[in-house]
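Remarks on the overall topology
Residues per chain are reported as follows:
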Amino acid sequence: MELGNKLEEFVAREFSLITGKKVRNVNGILKNNKYPFALANIDRSVVGEKAFLECKVTNSYGKQQWKKAVPIHYQIQMVHYMAVTGASHCYVCALIGNEEIKIYKLDRDQELIDYIMEKEEE
(Lines give C-alpha, C1' and ligand atoms only; values in the text may rest on other atoms or scores of the structure.)
Protein backbone atom coordinates (compact mmCIF):
# COMPACT_ATOMS: atom_id res chain seq x y z
CA MET A 1 0.00 0.00 0.00
CA GLU A 2 2.85 2.36 0.88
CA LEU A 3 4.57 1.65 -2.45
CA GLY A 4 1.28 2.26 -4.27
CA ASN A 5 0.97 5.67 -2.62
CA LYS A 6 4.54 6.56 -3.56
CA LEU A 7 4.04 5.49 -7.16
CA GLU A 8 0.75 7.41 -7.36
CA GLU A 9 2.60 10.55 -6.25
CA PHE A 10 5.30 9.91 -8.87
CA VAL A 11 2.71 9.42 -11.64
CA ALA A 12 0.85 12.60 -10.62
CA ARG A 13 4.10 14.58 -10.68
CA GLU A 14 5.00 13.20 -14.11
CA PHE A 15 1.53 14.12 -15.40
CA SER A 16 2.06 17.70 -14.21
CA LEU A 17 5.54 17.90 -15.73
CA ILE A 18 4.39 16.55 -19.10
CA THR A 19 1.14 18.51 -19.40
CA GLY A 20 1.90 21.65 -17.40
CA LYS A 21 -1.36 21.11 -15.49
CA LYS A 22 -1.48 21.48 -11.72
CA VAL A 23 -3.17 18.84 -9.61
CA ARG A 24 -4.26 18.67 -5.99
CA ASN A 25 -4.81 15.78 -3.61
CA VAL A 26 -8.41 15.00 -2.79
CA ASN A 27 -8.70 13.39 0.61
CA GLY A 28 -11.94 11.61 1.30
CA ILE A 29 -14.73 9.78 -0.39
CA LEU A 30 -16.97 11.81 -2.68
CA LYS A 31 -20.71 11.36 -3.16
CA ASN A 32 -23.48 12.95 -5.16
CA ASN A 33 -27.15 13.33 -4.17
CA LYS A 34 -28.26 12.35 -7.68
CA TYR A 35 -26.61 8.94 -7.25
CA PRO A 36 -26.68 8.25 -3.48
CA PHE A 37 -25.57 4.64 -4.03
CA ALA A 38 -22.36 5.69 -5.83
CA LEU A 39 -19.11 6.85 -4.23
CA ALA A 40 -15.81 8.00 -5.70
CA ASN A 41 -12.27 8.26 -4.41
CA ILE A 42 -10.36 10.18 -7.07
CA ASP A 43 -6.58 10.49 -6.99
CA ARG A 44 -6.28 14.22 -7.81
CA SER A 45 -8.35 17.17 -8.96
CA VAL A 46 -7.04 19.20 -11.89
CA VAL A 47 -6.70 22.86 -10.95
CA GLY A 48 -8.74 25.23 -13.13
CA GLU A 49 -10.71 22.45 -14.82
CA LYS A 50 -13.84 20.54 -13.92
CA ALA A 51 -11.74 17.40 -14.17
CA PHE A 52 -9.78 14.85 -12.19
CA LEU A 53 -6.69 12.72 -12.66
CA GLU A 54 -6.46 9.01 -12.04
CA CYS A 55 -2.98 7.52 -11.68
CA LYS A 56 -2.42 3.92 -12.71
CA VAL A 57 0.61 1.67 -12.46
CA THR A 58 0.94 -1.59 -14.35
CA ASN A 59 3.67 -4.05 -15.17
CA SER A 60 5.08 -4.62 -18.64
CA TYR A 61 2.56 -7.43 -19.24
CA GLY A 62 -0.15 -4.74 -19.32
CA LYS A 63 1.57 -2.82 -22.12
CA GLN A 64 -0.70 -4.20 -24.87
CA GLN A 65 -3.84 -3.27 -22.92
CA TRP A 66 -2.74 0.37 -22.78
CA LYS A 67 -1.44 0.64 -26.35
CA LYS A 68 -4.41 2.43 -27.95
CA ALA A 69 -6.76 3.35 -25.12
CA VAL A 70 -7.51 3.09 -21.42
CA PRO A 71 -8.53 -0.53 -20.68
CA ILE A 72 -12.31 -0.91 -20.55
CA HIS A 73 -12.50 -1.71 -16.82
CA TYR A 74 -10.74 1.57 -16.06
CA GLN A 75 -12.95 3.42 -18.54
CA ILE A 76 -15.99 2.23 -16.60
CA GLN A 77 -14.37 3.39 -13.35
CA MET A 78 -13.78 6.83 -14.91
CA VAL A 79 -17.39 7.09 -16.12
CA HIS A 80 -18.53 6.19 -12.61
CA TYR A 81 -16.25 8.86 -11.12
CA MET A 82 -17.47 11.46 -13.64
CA ALA A 83 -21.05 10.68 -12.61
CA VAL A 84 -20.25 11.21 -8.94
CA THR A 85 -18.03 14.27 -9.36
CA GLY A 86 -19.89 16.00 -12.17
CA ALA A 87 -16.59 16.32 -14.04
CA SER A 88 -16.69 17.26 -17.71
CA HIS A 89 -13.65 15.10 -18.41
CA CYS A 90 -10.82 13.27 -16.74
CA TYR A 91 -7.25 12.29 -17.36
CA VAL A 92 -5.72 8.89 -16.83
CA CYS A 93 -1.95 8.77 -16.48
CA ALA A 94 -0.40 5.31 -16.48
CA LEU A 95 3.12 4.21 -15.64
CA ILE A 96 3.61 1.07 -17.69
CA GLY A 97 6.33 -1.39 -16.80
CA ASN A 98 8.44 1.33 -15.17
CA GLU A 99 9.44 2.42 -18.68
CA GLU A 100 6.64 4.42 -20.26
CA ILE A 101 4.05 7.03 -19.29
CA LYS A 102 0.76 7.16 -21.21
CA ILE A 103 -1.77 9.96 -20.75
CA TYR A 104 -5.34 9.80 -21.97
CA LYS A 105 -8.22 12.26 -21.76
CA LEU A 106 -11.75 10.87 -21.43
CA ASP A 107 -14.72 13.15 -22.06
CA ARG A 108 -18.01 12.95 -20.22
CA ASP A 109 -20.65 10.86 -22.00
CA GLN A 110 -23.96 11.48 -20.24
CA GLU A 111 -25.74 8.70 -22.10
CA LEU A 112 -23.15 6.20 -20.90
CA ILE A 113 -23.26 7.65 -17.38
CA ASP A 114 -27.04 7.22 -17.31
CA TYR A 115 -26.72 3.61 -18.44
CA ILE A 116 -24.00 2.71 -15.93
CA MET A 117 -25.76 4.46 -13.05
CA GLU A 118 -28.97 2.61 -13.90
CA LYS A 119 -27.12 -0.72 -13.85
CA GLU A 120 -25.34 0.15 -10.60
CA GLU A 121 -28.61 1.07 -8.92
CA GLU A 122 -30.15 -2.25 -9.99
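Residues numbered from 1 in each chain as written. Predicted model: local features only at pLDDT ≥ 70, side-chain atom pairs only at ≥ 80, totals over all residues. Heavy atoms only, no water.

**Concerning the nonpolar core**
Worth spelling out the cut-off: By convention a nonpolar core is built from buried Ala, Val, Leu, Ile, Met, Phe, Trp, Tyr and Cys residues, the set being connected through side-chain atoms within 4.5 Å. Residue burial is assigned from relative accessible area. The probe radius is 1.4 Å, only protein chains are included, and a residue is buried under 20% of its type maximum, exposed over 50%, and partly exposed in between. Comment: elements are numbered from the N terminus, with helices defined as DSSP H or I runs of at least four residues and strands as E runs of at least two. Contacts are assigned to residue pairs with any non-hydrogen atoms lying within 4.5 Å of each other.
The biggest cluster of nonpolar side chains holds 24 residues, and the ones touching the most others in it are Phe 52, Trp 66, Met 78, Met 82, Leu 106, Ile 113 and Met 117. Elements represented by at least two residues in this core include exactly strand 3 (35-40), helix 2 (72-85), strand 6 (89-96), strand 7 (100-107) and helix 3 (110-121). A total of 6 residues in this core trace back to one element, the largest contributor, which is helix 2. With sequence-adjacent residues up to four places away left out, Trp 66 is seen in contact with Lys 56, Thr 58, Pro 71, Tyr 74, Val 92, Ala 94, Ile 96, Lys 102 and Tyr 104. Val 11, Val 46, Tyr 91 and Cys 93 belong to the second largest nonpolar core, which has 10 residues in total.

**Here we look at the side chain of Lys 56**
Worth spelling out the cut-off: A 3.5 Å cut-off defines polar contacts: any pair of N or O atoms within that distance qualifies, except that in protein one atom must be a possible hydrogen donor and the other a possible acceptor, and neighbouring residues in sequence count only when both atoms are side-chain atoms.
Mapped onto the secondary structure, Lys 56 falls in strand 5 (residues 51-58). Within polar-contact distance, the side chain of Lys 56 engages the side chain of Gln 77 at 3.0 Å.

**Thoughts on helix 2**
As a reminder, the rule being used: The span one expects for a helix is its residue count, reduced by one, times 1.5 Å.
Between the first and last C-alpha of helix 2 there are 20 Å, a value that for 14 residues agrees with the 20 Å anticipated at 1.5 Å per step. Gly 86 sits one or two residues past helix 2 and shows a positive phi near 80 degrees.

**Some words on helix 1 (residues 2-19)**
For helix 1, built from 18 residues, the straight-helix expectation of 26 Å at 1.5 Å per residue is met to within 8% by its first-to-last C-alpha distance of 26 Å. Gly 20 sits one or two positions beyond helix 1 and adopts a positive phi of about 80 degrees.

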